[in-house]
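Tertiary structure, described
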Amino acid sequence: GGPEAKHTSQWMAAVSTRPADERELLSACPALAGTPLADLRSSDVKKKLLSMPVSHIFPGTRANEALTAAVAAGRARVSRASSEGSTSDADDAGLSAVIETLANLLSAPALKDERSSAAARAEVEGGSPPPRGLPRVLSSHSLSARLKSGTADAHKDAENVQYVRSLLRGKVSRQQYALLLRDLHHVYVALEAALDAAADRCEAVRAIHFPSQLGRREALALDLEAHAGGGWRETLGPPSPPCAEYVARITELGAATEASEAALLVAHAYTRYLGDLSGGQIIAKALRRHYGADAAMHFYRFDAIASPSAFKKVYRRALDELMTSSAAVDAEALVAEANSAFSFNARIFRHLDAVCGLAAPAPSPSAAAPEVATAAAAAPASA
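Scope of this entry: the structure provided in the associated data block. (Residues numbered from 1 in each chain as written. Predicted model: local features only at pLDDT ≥ 70, side-chain atom pairs only at ≥ 80, totals over all residues. Heavy atoms only, no water.)

We now examine the packing of helix 8 (residues 152-159) against helix 20 (residues 331-356). Packing of helix 8 against helix 20 leaves a shortest axis separation of 8 Å and a crossing angle of 15°. In terms of axis orientation, helix 8 runs roughly parallel to helix 20. Crossing handedness for the pair helix 8 and helix 20: left-handed. Between helix 8 and helix 20, the contacting residues are Ala 154, His 155, Asp 157 and Ala 158 on the first element and Asn 339, Phe 342, Ala 346, Phe 349 and Arg 350 on the second. Of the residues belonging to the contact of helix 8 with helix 20, the class tally is five nonpolar, two polar and two charged. (Axes fitted to C-alpha atoms, helices over the stretch in contact; angles between N-to-C directions. Helix = DSSP H or I, 4+ residues; strand = E, 2+ residues; numbered from the N terminus. Parallel < 35°, antiparallel > 145°, perpendicular 65-115°, else oblique. Left-handed = near helix turned anticlockwise from the far one by under 90°. Contact = heavy atoms within 4.5 Å. Nonpolar A, V, L, I, M, F, W, Y, C, P; charged D, E, K, R; others polar.)

Given 3.6 residues per helical turn, the α-helix brings residues three or four places apart onto the same face. An ideal rise of 1.5 Å per residue puts 38 Å on 26 residues; helix 10 (residues 174-199) measures up with 36 Å between its terminal C-alpha atoms. Counting buried residues along helix 10, 20 of its 26 residues qualify, which places the element largely inside the surrounding structure. (Expected span 1.5 Å × (residues − 1). Buried < 20%, exposed > 50% of the residue type's maximum accessible area, 1.4 Å probe, protein only.)

Helix length check: helix 15 (residues 241-254) (14 residues) gives 20 Å between terminal C-alpha atoms against 20 Å at 1.5 Å per residue, within 8%. Along helix 15, the residues that are buried comprise Pro 242, Cys 243, Tyr 246, Val 247, Ile 250, Leu 253 and Gly 254. The buried residues of helix 15 occupy one face: seen down the axis, they fall within an arc of 140°. In this structure, the buried side of helix 15 is in contact with helix 10, helix 16 (259-262), helix 17 (265-277) and helix 20. (Arc of directions from axis to C-beta.)

Summed over all chains, the structure comprises 10 salt bridges. When the shortest N-O distance is used, the salt bridge between Asp 157 and Arg 350 registers 2.8 Å. Residue Asp 157 is found in helix 8, and its partner Arg 350 is found in helix 20; the two are separated by 193 residues along the sequence. Residue class for Arg 350 comes out partly exposed when judged on its relative accessible area of 40%. Connected via shared salt-bridge partners are Glu 192, Asp 196 and Arg 217. (Salt bridge = Lys/Arg side-chain N within 4 Å of Asp/Glu carboxyl O.)

This next bit is on the environment of Leu 181. Mapped onto the elements, Leu 181 comes out in helix 10. Judged by relative accessible area, which is 0%, Leu 181 ranks as buried. As for Leu 181 and Asp 223, which are separated by 42 residues in sequence, their C-alpha atoms are 7.7 Å apart. Setting aside residues no more than four positions away along its own chain, Leu 181 makes contact with Leu 220, Asp 223, Leu 224 and His 227.

Tracing the backbone shows Ser 142 in the loop between helix 6 (117-126) and helix 7 (143-150). Side-chain polar atoms of Ser 142 contact the side chain of Asp 320, separated by 3.5 Å. (Polar contact = N/O pair within 3.5 Å; in protein donor to acceptor, adjacent residues only side chain to side chain.)

Take a look at the structure:
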């Protein structure tokens, strides 16, 4: 990309040899006309989009208008490919996630470069070569790296709770599993409502908010109906006490008027969604093995994400760019909040240990709360 580019006859001739949907994507961005993009495969198109200069993001520039048009065309391409069932080409694996990340960047205030946005605007409008590549921080100090290393102990603590270990070994019945799904449903209803609300006023939340790709509320409701029946709300009862506290914290952040406080929702989204795309997929395989290949696993399916690994890279990049954007994010506060999120999850698992009799002898059904009695009565030695 660069200053206003012209569609030469050679460019149009090269583009005309591409498939119709790819011609639409490529020709929609005149800022790319000076590149050999027409000869590239979809994977290279993706790389090209990711390497756009930071100046493309500044509103009001010709490059920004061109990139906006390319994003719109890219969305149409992905939508058509999905409806036609023609998404088998491995080159297209992460294109949808890339396009949505670009769309989020284009809808947010301009990212900051080492120089001011005014200087970058002047470069674009004046025709000087803009800085290449979206701004990044050193990987060892990136926000995603700090979140990962800063929550390592809390993450390990949560995944080593007996309930999780029993789940992976097939020692948790469907009814006991439904108790986890119930709590997760309450968490995601709160989290997704909070993210939707905060995205309108908080740049940090908006940058990592991918509702069409990541939304879990409906998927959890489908799984709950399959594992616990249509009356699961009455059968399973209210959320567990630690879940209720978790939901209260998320709701509090979603209602925050200060951007710095609302931005802490990023930590909760990171903890849940990247966990679902990573360790969650291991849990899904174990559950299919123990419950049967046809068992309802909508929660772990992300039909709008062609490649979880590619999407996670895009998501981490969006996190890292928060540190160089105009969003007011405090890395230490986000790490602390992410540790709190892991703690909430671990407490839910430990509560399920007690409810399901996994960590200690289960109380007799006659003396137990309805939740405990229901789970204990449905818990065979092996699911």
